[in-house]
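Topology and contacts: notes
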Amino acid sequence: MPLPKAELHLHIEGTLEPELAFELAARNGVTLPYADTEELREAYRFEDLQSFLNLYYELMAVLRTERDFEDLADAYLARAAAQGVRHAEIFFDPQAHIVRGVAMGTVVEGLWRALDRSQETHGISTRLIMCFLRDESAESAMETLDAAGPYLDRITGVGLDSAEVGHPPVKFREVYEAAAALGLRRVAHAGEEGPPEYITEALDVLGVERIDHGLRCLEDPALVERLVRDRVPLTLCPLSNVRLRAVDVLEQHPLPAMLDAGLLCTVNSDDPAYFGGYAGDNFDAVRQALGLDEEQLRELARNSFVASFLEHDEERRAR
Ligand code: ES4
Ligand code: ZN
């Protein structure tokens, strides 16, 4: 039995497996520039975050209807359940769909159909986190928040993702203020490819409760001290870090040092269809490559619930 765990860093669009991509392409009359699933998998060789994002946005063309988003989420939840995931806080990127003429309502209603029954069908409680694309303008982010108005009962929080370098958190100060005023929880990707200053800025300017990735905090000892003191969760994604070359090989991932430093680390899958594995696969990989012992793995699983947005009694029940 895999360890019960919460998944806190998961882009739903990053769960699109090649087989489902081709199925949806056929259903929607979309032509993909790949002959078959094998040729598509061949394209999964990334140099960095941007080379991954190019393919990630390209494949989204197959997602068009509510049912597509429902099928996507349902397929993810089934795989996650098989790997011990009991709670999932799921990112989605509305701007990447709205720009293609797919409305906010189509995305949220479709995802919600799968999420709403997930406790019964998969034994997984869920939350939705709406991300802003940081390489788009602050105005576009604010329009996206406005467009989410009718769906805020289904959205727990906001996040910030896509190409990091050159797009510091401060660019989104106003939209995060507006999100906070609406009662939304706040997280942001920071310190994946960007510098440690972006982590500090996400905390101080955006008021985030968790840092997604946060790997580069290690370059700033004072920042590490602060993250430890304030118990700021980091949602690490080890297989993603290898595929996008944030670390050379998994054996050199700093997770053990980060745990030893007292950081509140969690292990997550990011874009599992692209990076070689779901939450349980990431746990297995760090156990093998880094020699983590049972107590460290239990600590990581415990941290995932502590760092989640579950209410306290719900959190106990999920464990
Ligand atoms: C992402 Cl790995 C990663 N980093 C930033 N933005 C993203 N969106 C989807 N995956
Ligand atoms: Zn991510």
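Structure shown above.
Cut-offs and rules
Residues numbered from 1 in each chain as written. Chains lettered and ligands numbered in written order. Predicted model: local features only at pLDDT ≥ 70, side-chain atom pairs only at ≥ 80, totals over all residues. Buried ≥ 20, exposed ≤ 12 C-beta atoms within 10 Å, placed from the backbone. Helix = DSSP H or I, 4+ residues; strand = E, 2+ residues; numbered from the N terminus. Arc of directions from axis to C-beta. Pairing = 2+ DSSP bridges. Right-handed = clockwise from strand over helix to strand, strands pointing away. Contact = placed C-beta atoms within 7 Å. Axes fitted to C-alpha atoms, helices over the stretch in contact; angles between N-to-C directions. Parallel < 35°, antiparallel > 145°, perpendicular 65-115°, else oblique. Left-handed = near helix turned anticlockwise from the far one by under 90°. Near = placed C-beta within 6 Å. Nonpolar A, V, L, I, M, F, W, Y, C, P; charged D, E, K, R; others polar. Core = buried A, V, L, I, M, F, W, Y, C linked by C-beta atoms within 7 Å.

So, on to helix α3 (residues 49–59). Looking only at α3, the buried set comprises Leu49, Phe52, Tyr56 and Leu59. Along the axis of α3, the buried residues cluster in a sector spanning 100°; they form a single face.

Of all 5 residues in strand β4 (residues 157–161), 5 are buried; the element is thus mostly enclosed. Residues Gly157, Gly159 and Asp161 of β4 are buried on one face, and the alternating residues Val158 and Leu160, pointing to the opposite face, are buried as well. Note: strand β3 (residues 125–133) against β4, 5 bridges, orientation parallel. Pairing of Ile129 across the sheet is with Gly157, part of β4. As a crossover connection, the stretch from β3 through helix α8 (residues 138–147) into β4 is right-handed. Pairing analysis gives 2 bridges linking β4 to strand β5 (residues 185–190), with the strands arranged parallel. Following the sheet pairing, Val158 is matched in β5 by Arg186. Tracing the backbone out of β4, into helix α9 (residues 173–181) and back to the parallel element β5 gives a crossover that is right-handed.

Further remarks concern the environment of Val205. Topologically, Val205 is positioned in the loop between α10 (196–204) and β6 (210–213). Note on Val205: 17 C-beta atoms within 10 Å, which makes it partly exposed. Sequence separation between Val205 and Glu251 is 46 residues; the distance between their C-alpha atoms is 34 Å. For Val205, the residues in contact, after removing those within four places along its chain, are Pro169, Val170 and Arg173.

Strand pairing in a sheet takes place through backbone hydrogen bonds and is either antiparallel or parallel in direction. Sheet architecture is open: 8 strands sit in the order β1-β2-β3-β4-β5-β6-β7-β8, paired in parallel fashion. The sheet terminates laterally at β1 (5–11) and β8 (264–267), the two strands that pair on one side only. Across the sheet, the mean angle from the axis of one strand to that of its neighbour is 25°, orientation sign disregarded. Across 4 bridges, the pairing between β5 and β6 is parallel. Directly across from His189, in β6, lies its bridge partner Asp212. Against the sheet, helix α15 (residues 279–290) makes contact with β1, β2 (85–92) and β8, and its axis sits at roughly 115° relative to β8, the strand it touches most.

With that settled, the discussion passes to the packing of α8 against α9. Working note: a packed helix pair is described by the angle between its axes plus the distance between those axes. For the pair α8 and α9, interaxial distance at closest approach is 9 Å and the crossing angle is 15°. Considering the angle they form, α8 stands roughly parallel to α9. Note that α8 runs across α9; the crossing there is right-handed. Every residue of α9 that contacts α8 at Ala138, Ala141, Met142 and Leu145 is listed here: Glu174, Val175, Ala178 and Ala179.

Taken together, His11, Gly14, Leu49, Tyr56, Asp161, Ser162, His189, Glu192, Ser240, Asp270 and Asp271 make up the full set of residues adjacent to ligand 1. Residue composition of the shell around ligand 1, grouped by class: 2 nonpolar, 5 polar and 4 charged.

In this section: the nonpolar core. Ranked by size, the top nonpolar core spans 91 residues in total, and within it Ile12, Ala73, Phe92, Leu111 and Ala202 carry the most contacts. Here this core gets 7 residues from one element, more than from any other, and that element is helix α6 (residues 104–116). Those residues in contact with Phe92 that lie beyond four places of it in its chain are Ile12, Glu13, Val107, Leu111, Leu128, Met130 and Cys131.

Read these as geometric descriptors, not functional statements.
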